[in-house]
Amino acid sequence: MGSVKVLITNEQHKVKIPTGLRLLIRRCCNAVLFVENFKEDSEVSVTFLDNESIRSLNKQYRNKDAATDVLSFPLGENGQYDKNHETGALMLGDIVISMERAYEQAEMYGHSLQREVAFLTVHSMLHLLGYDHENGGLEQVRMREKEELILSKLGLPRGASYVNEDDER
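A short tour of the structure in this document, coming up. Quantities reported herein were computed from a predicted structural model and do not represent experimental measurements.

## Some thoughts on the pairing of strand β2 (residues 42–49)
Here is step 1 of the chain: Among the eight residues of β2, eight are classified as buried, and the element is accordingly described as predominantly covered.
Here is step 2 of the chain: Residues Ser42, Val44, Val46 and Phe48 point to one face of β2 and Glu43, Ser45, Thr47 and Leu49 to the other, with burial holding for every one of them.
Here is step 3 of the chain: With seven bridges connecting them, strand β1 (residues 4–10) and β2 associate as parallel partners. Paired with Leu7 across the two strands is Ser45, which belongs to β2.
Here is step 4 of the chain: Sheet analysis places β2 next to strand β6 (residues 90–98), joined by eight bridges and oriented parallel. By the bridge assignment for β6, Ser45 is matched with Asp94.

Structure below.
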């Protein structure tokens, strides 16, 4: 398996980035590429935004005037990717996560922020590799199954939480 360089940028100040979240995102990217048997060296960019900023991107690129949790901007098509001429790594694309929305959804679904960000990262990585769920059906089922498989391998199965009962006392 090739290595993946994950460039992470925080361009929001509404949600504190928990310790270890950047490492978790890198682990998620590696896990997706491992499960997909992706053998090339690659690069991925992950950017944290607030709801207002992701709403602007969603309107600009998808013509949807609403905040969303995550956006994926693949740099490849049909398994063909641009190459970074300095490193030789394949540039898979960009992932943009609304940390505000991730925090809201973690509370809504009753799991940790880490689990939510991991899910969003895995989901977007699969998009960068060509998976799609927009049309529903079998493609959506395959993508959801793959997401849960990868999250389980990372120790973050559905319903998992890093909140320890002793921490709440």
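## Overview of the nonpolar core
Here is step 1 of the chain: Core analysis: the largest hydrophobic core is formed by 40 residues, its most contacted members being Ile25, Val46, Phe48, Leu92, Ile97, Met99 and Met125.
Here is step 2 of the chain: Within the residue set of this core, elements represented by two or more residues are β1, α1 (21–35), β2, β6, α3 (99–109), α4 (113–128) and α5 (137–153).
Here is step 3 of the chain: Top element by residues in this core is α4. It accounts for nine residues.

## Examining the packing of α4 against α5
Here is step 1 of the chain: Where α4 meets α5, the closest approach of the two axes is 10 Å, and the angle between their N-to-C directions is 130°. Judged by the inter-axis angle, α4 sits oblique to α5. Crossing angle aside, the handedness with which α4 passes α5 is right-handed. On the side of α4, the interface is formed by Arg115, Ala118, Phe119, Val122, His123, Leu126 and His127, while α5 contributes Met143, Arg144, Lys146, Glu147, Glu148, Ile150 and Leu151.
Here is step 2 of the chain: Taken together, the residues of the contact of α4 with α5 sort by class into seven nonpolar, two polar and five charged.

## Some words on unusual backbone geometry
Here is step 1 of the chain: Even without glycine at this site, Asn63 takes up a positive phi of about 60°.
Here is step 2 of the chain: With respect to the helices, strands and loops of the structure, Asn63 is situated in the loop between α2 (51–62) and β3 (70–74).
Here is step 3 of the chain: We note that Asn78 has phi near 55°; this positive angle belongs to a residue other than glycine.
Here is step 4 of the chain: Within the secondary structure, Asn78 sits in the loop between β4 (76–77) and β5 (80–83).
Here is step 5 of the chain: Classification of Asn78 by relative accessible area gives exposed; the value is 72%.

## Some thoughts on α5
Here is step 1 of the chain: Between its first and last C-alpha atoms α5 spans 25 Å; for 17 residues at 1.5 Å apiece the expected length is 24 Å, and the two agree.
Here is step 2 of the chain: Of the residues making up α5, those classed as buried are Met143, Glu147, Glu148, Ile150 and Leu151. For α5, the arc enclosing every buried residue in end-on projection is 165°, short of the 170-degree limit, so these residues lie on one face. Within α5, the exposed residues directed more than 90 degrees away from the buried face are Leu138, Glu145 and Lys153.
Here is step 3 of the chain: Residues of α5 that are buried in the fold lie against α1 and α4.
Here is step 4 of the chain: One or two residues past the end of α5 sits Gly155, with phi positive at roughly 80°.

## What about the pattern of salt bridges?
Here is step 1 of the chain: Tallied over the entire structure, the rule returns five salt bridges.
Here is step 2 of the chain: The closest approach of N and O atoms between Arg55 and Asp65, which form a salt bridge, is 2.8 Å. Of the two residues, Arg55 is situated in helix α2 and Asp65 in the loop between α2 and β3; the sequence distance between them amounts to ten residues.
Here is step 3 of the chain: A relative accessible area of 38% places Arg55 in the partly exposed class.
Here is step 4 of the chain: A residue is classified by how much of its surface remains accessible, and Asp65, at 43% relative accessible area, is partly exposed.
Here is step 5 of the chain: Its salt-bridge partner being Arg144, residue Glu147 comes within 3.0 Å of it at the nearest N-O pair.

Rules behind the numbers
- Residues numbered from 1 in each chain as written.
- Predicted model: local features only at pLDDT ≥ 70, side-chain atom pairs only at ≥ 80, totals over all residues.
- Heavy atoms only, no water.
- Buried < 20%, exposed > 50% of the residue type's maximum accessible area, 1.4 Å probe, protein only.
- Helix = DSSP H or I, 4+ residues; strand = E, 2+ residues; numbered from the N terminus.
- Pairing = 2+ DSSP bridges.
- Core = buried A, V, L, I, M, F, W, Y, C linked by side-chain atoms within 4.5 Å.
- Axes fitted to C-alpha atoms, helices over the stretch in contact; angles between N-to-C directions.
- Parallel < 35°, antiparallel > 145°, perpendicular 65-115°, else oblique.
- Left-handed = near helix turned anticlockwise from the far one by under 90°.
- Contact = heavy atoms within 4.5 Å.
- Nonpolar A, V, L, I, M, F, W, Y, C, P; charged D, E, K, R; others polar.
- Expected span 1.5 Å × (residues − 1).
- Arc of directions from axis to C-beta.
- Salt bridge = Lys/Arg side-chain N within 4 Å of Asp/Glu carboxyl O.

Without other data, these values stay purely geometric and don't point to any function.
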